[in-house]
Amino acid sequence: MNKKLIIFDLDGCLTESKQPINLDLVERLEALLHCYYIAILAGASYLQFKDQIIDRLPISDQLTEKLILLPTNGSACYKFNNTWNKIYSEDLSSSEKELILSAFKLCFQELNFTIPKKPLYGEILEDRGPQITFSGLGQRAPLPLKKKWDPNHLFRLQMIEILSYELKNFEIKSGGFTSLDINKLNHDKSFGISKLLEIFNFKLNDLLFIGNFQLNGSNFPVKKMGLECWETSSPDNTKVLIKQLLEK
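Cut-offs applied
Residues numbered from 1 in each chain as written. Predicted model: local features only at pLDDT ≥ 70, side-chain atom pairs only at ≥ 80, totals over all residues. Heavy atoms only, no water. Pairing = 2+ DSSP bridges. Helix = DSSP H or I, 4+ residues; strand = E, 2+ residues; numbered from the N terminus. Axes fitted to C-alpha atoms, helices over the stretch in contact; angles between N-to-C directions. Contact = heavy atoms within 4.5 Å. Phe/Tyr/Trp six-rings, centres within 6.5 Å; stacked < 30°, edge-to-face > 60°. Buried < 20%, exposed > 50% of the residue type's maximum accessible area, 1.4 Å probe, protein only. Lys NZ or Arg CZ within 6 Å of the ring centre and 35° of its normal. Parallel < 35°, antiparallel > 145°, perpendicular 65-115°, else oblique. Left-handed = near helix turned anticlockwise from the far one by under 90°. Nonpolar A, V, L, I, M, F, W, Y, C, P; charged D, E, K, R; others polar.

Chemist: So what's going on with the sheet that holds strand 6 (residues 125-127)? Which residues, and what values?
Modeler: Read from one edge of the open sheet, four strands run 6-7-9-8, paired in antiparallel fashion. Two strands in the sheet have a free side with no partner beyond their single neighbour: strand 6 and strand 8 (170-175). In this sheet, neighbouring strand axes are inclined to one another by 20 degrees on average, regardless of whether the strands run parallel or antiparallel. With three bridges connecting them, strand 6 and strand 7 (residues 132-135) associate as antiparallel partners. Each bridged residue has a counterpart across the sheet, and for Asp127 the counterpart in strand 7 is Ile132. Across the face of the sheet, helix 4 (residues 94-111) comes into contact with strand 6, strand 7, strand 8 and strand 9 (179-184) while running at roughly 25 degrees to strand 7. Sitting on the sheet, helix 6 (residues 154-166) touches strand 7, strand 8 and strand 9, and the angle it makes with strand 9 is about 25 degrees.

Chemist: Can you lay out the sheet that holds strand 1 (residues 5-8) for me, pointing to particular residues and giving the numbers?
Modeler: Strand order in the open sheet made by the seven strands is 5-4-3-2-1-10-11, with mixed pairing throughout. Edge strands, defined here as strands with exactly one partner in the open sheet, are strand 5 (83-89) and strand 11 (228-231). Taking the axes of each pair of neighbouring strands and ignoring which way they run, one obtains an average angle of 20 degrees across the sheet. In this structure, strand 1 lies alongside strand 10 (residues 207-211), joined through four bridges in parallel fashion. Among the inter-strand pairings, Ile7 is bridged to a residue of strand 10, identified as Phe209. Contacts from helix 9 (residues 235-247) reach strand 1, strand 10 and strand 11, with the element oriented near 135 degrees to strand 11.

Chemist: Residue-level account of the packing of aromatic side chains, with values.
Modeler: This structure, assessed with the given rule, holds 14 aromatic pairs. Taking 4.9 Å as the distance between ring centres and 45 degrees as the angle between the ring planes, the aromatic pair formed by Phe108 and Phe113 counts as tilted. There is no split in this pair, since Phe108 and Phe113 are both buried. By way of ring pairs, the aromatic residues Phe104, Phe108, Phe113, Phe134, Trp149 and Phe155 are connected into one cluster. Sitting over the ring of Tyr88, Lys195 keeps its end group 4.9 Å from the ring centre.

Chemist: Residue-level account of the environment of Ile38, with values.
Modeler: As for its position among the elements, Ile38 is in strand 2 (residues 37-41). Distance from Ile38 to Pro151, taken between C-alpha atoms, is 31 Å for residues 113 residues apart in sequence. Apart from residues no more than four positions distant in its own chain, Ile38 is found in contact with Leu5, Ile6, Phe8, Leu29, Leu32, Leu33, Lys66, Leu67 and Ile68.

Chemist: Give a description of the packing of helix 4 against helix 6 that names residues and reports values.
Modeler: Contact geometry for helix 4 and helix 6: axes closest at 9 Å, N-to-C directions at 135 degrees. One way to sum up the angle between helix 4 and helix 6 is to call them oblique. Crossing of helix 4 against helix 6: the hand is right-handed. Facing helix 4, whose interface residues are Ala103, Phe104, Leu106, Cys107, Phe108, Glu110 and Leu111, helix 6 presents Phe155, Gln158, Met159, Ile162, Leu163 and Glu166. Considering only residue class, the contact of helix 4 with helix 6 consists of 10 nonpolar, one polar and two charged.

Following this line, the structure appears as structure tokens:
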């Protein structure tokens, strides 16, 4: 397999939702960095990337320079050179954020969804700069509760239908078990892939993407670009896929 860059999703791929990466995967990622460049492309914020992955990788600066971070579904990019540097960030304007929050307010009213005055598990609506993210139970909800919240994805599909009417000039994608991400129009994960090709001089055939592909999920735009994609169902499954890459 003639690939130069392996791109991973985060939650459900390298980690469980909002959880730190486990030691087995740390060791396999380190081994993979000796053979490939690695990018992580997900809806999480840069700080979440740092907490779940980067601060838990005990690797040399030389290997860290082969890592590329694409938080907020590729609407931002960070690269290491002695320290982590922001390459770009397509932040939403104040008026865009106000419009998105107003649309959520209407959506909540229509679906009889009430935000608790004191959410148990953190913010329901989080401003991530280039992205507004809705999390049905809050950002830090326990994984077992998240899995039960919208197991068939039906509530978020209703939300997407309502929000799409109000936010015609934005991208709306679901992620994880409870989240919806709102980005600028055409700033889905295919935007992040296109920026990788532009900034780092990769070609589409150089790339392999590993993630999951749920209905209306944030990874489908990547698949439509035509690059090679491998589906994973869990971090344990991802370990098996990385083993296959190392064997090649």
